[in-house]
Amino acid sequence: MKIISGIKKYLLKILNIVTGISFAAMVISLILQVVFRYVLQISVAWTEELARFLCIWTVFLGAAPAFYEDDHITVDALVSKMSNEKYKKIVLYIALTFMYIFIASAIYGGFKLYSLGMRDWATTMPIRMGYVYLALPVGAVMMVVLKLIKLIEDISKKYDKAGGM
């Protein structure tokens, strides 16, 4: 269990650091865009494209820790109105099923998009678009890995409470 906890801590730390750096670089790129355009009267196209690419990576990498902590956006209008706990659980399980189908399709489709994107170059920067598109499957895989870790932790806690090791 200590190994799983260490892996989780390491993954979350790396994801949070990379997401923070990506977000900070995106903000710096946007500030440069404003300074170049409105102060220096120079149009620099790569700053906007870089900010867009960094935004994509920030969103998909940042989604994994949020998903792990159950901080992602949920629409619970239907569930909150239900009084029967059995039906609430059924609706939640249906929602979870669709969520995992979406994540699986994001992984599959994301890797297909990555391979297609490796044929194309960004407009203003010397980077293949596949590296930009890679954010989708990497973020989705991280979601799955972190949720599996959470599942192992939950099972382990229940096992310990039930009088196991």
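Below or above, wherever it landed, is the structure these notes cover. Just so we're clear, the structure is a prediction, and the values are computed from it rather than from any experiment. (Residues numbered from 1 in each chain as written. Predicted model: local features only at pLDDT ≥ 70, side-chain atom pairs only at ≥ 80, totals over all residues. Heavy atoms only, no water.)

1. Some points on the overall build of the chain
(1) Moving on: A tally of helices and strands in the chain yields six helices and zero strands.
(2) Moving on: Helices (α) and strands (β) of the chain occur, in sequence order from the N terminus, as α-α-α-α-α-α.
(3) Moving on: C-alpha extents for the chain along the principal axes are approximately 70 × 40 × 35 Å.
(4) Moving on: Evaluated residue by residue, the chain yields a buried proportion of 28% over its 165 residues.
(5) Moving on: Contacts in the chain between residues at least 24 apart in sequence constitute 69% of all its contacts with a sequence separation of at least 6. (Helix = DSSP H or I, 4+ residues; strand = E, 2+ residues; numbered from the N terminus. Buried < 20%, exposed > 50% of the residue type's maximum accessible area, 1.4 Å probe, protein only. Contact = heavy atoms within 4.5 Å.)

2. Structural notes on a positive patch on the surface
(1) Moving on: A surface patch of positive charge is lined by K89, K157, K158 and K161.
(2) Moving on: The element best represented in the positive patch is helix α6 (residues 135-161), accounting for three residues.
(3) Moving on: In this fold, K89 is placed in helix α4 (residues 85-117). (Patch = residues over 30% accessible without salt bridge, like charges linked within 9 Å, V, L, I, M, F, W, Y side chains within 5 Å. Areas by Shrake-Rupley, 256 points an atom, 1.4 Å probe, with all protein chains shown as cover. Salt bridge = Lys/Arg side-chain N within 4 Å of Asp/Glu carboxyl O. Lys, Arg positive; Asp, Glu negative; His and termini not counted. Charge placed at Lys NZ, Arg CZ, Asp CG, Glu CD.)

3. What to know about the pattern of salt bridges
(1) Moving on: Going through the model one piece at a time under the given rule, you end up with three salt bridges.
(2) Moving on: In this structure, K8 engages E153 in a salt bridge whose closest nitrogen and oxygen atoms are separated by 3.1 Å. With K8 in helix α1 (residues 2-39) and E153 in helix α6, this pair connects stretches of sequence that are 145 residues apart. Per residue, the accessibility class of K8 equals that of E153, and both read buried.

4. Observations regarding the packing of α1 against α6
To characterise two packed helices, one gives the angle between the axes of the helices and the distance between these axes.
(1) Moving on: Orientation of α1 relative to α6, taken along the N-to-C sense of each, is 150 degrees, at an axis distance of 10 Å. In the packing of α1 onto α6, the handedness of the crossing is left-handed. Here I4, S5, I7, K8, L11, L12 and L15 of α1 lie close against α6, whose contacting residues are M142, V145, L146, I149, I152 and E153.
(2) Moving on: Here the residues of the contact of α1 with α6 sort into ten nonpolar, one polar and two charged. (Axes fitted to C-alpha atoms, helices over the stretch in contact; angles between N-to-C directions. Left-handed = near helix turned anticlockwise from the far one by under 90°. Nonpolar A, V, L, I, M, F, W, Y, C, P; charged D, E, K, R; others polar.)

5. Concerning the layout of surface pockets
(1) Moving on: For the largest pocket, the calculated volume is near 770 Å³.
(2) Moving on: Forming the walls of the largest pocket are 25 residues, and the residues nearest its centre are D70, L92, L96, M99 and K147.
(3) Moving on: Of all the secondary-structure elements, those providing two or more residues to the lining of the largest pocket are α3 (77-81), α4 and α6.
(4) Moving on: Of the residues assigned to the lining of the largest pocket, the class counts are 16 nonpolar, two polar and seven charged.
(5) Moving on: Approximately 280 Å³ is the volume attributed to the second largest pocket.
(6) Moving on: Residue lining of the second largest pocket: 14 residues in total, with A63, F67, F102, I103 and M143 positioned closest to the centre.
(7) Moving on: Of all the elements in the fold, those that place two or more residues in the lining of the second largest pocket are α2 (45-68), α4 and α6.
(8) Moving on: Class assignment for the residues of the lining of the second largest pocket results in twelve nonpolar, two polar and no charged. (1 Å grid on protein atoms, 1.4 Å probe; cavity = no way out; pocket = protein on both sides within 12 Å on 5 of 7 lines; lining within 4 Å. Points joined across faces, edges and corners; volume = space filled by probe spheres on them.)

6. Details of α4
(1) Moving on: Counted at 1.5 Å a residue, the expected span for α4 with its 33 residues is 48 Å, and the 46 Å between its end C-alpha atoms agrees.
(2) Moving on: Where the residues of α4 are buried, they touch α2, α3, α5 (129-133) and α6.
(3) Moving on: Measuring from the backbone nitrogen of K86 back to the side-chain oxygen at the start of α4 gives 2.8 Å, which picks out N84 as the cap. (Expected span 1.5 Å × (residues − 1). Polar contact = N/O pair within 3.5 Å; in protein donor to acceptor, adjacent residues only side chain to side chain.)

By themselves, these are just geometric observations and shouldn't be taken as functional.
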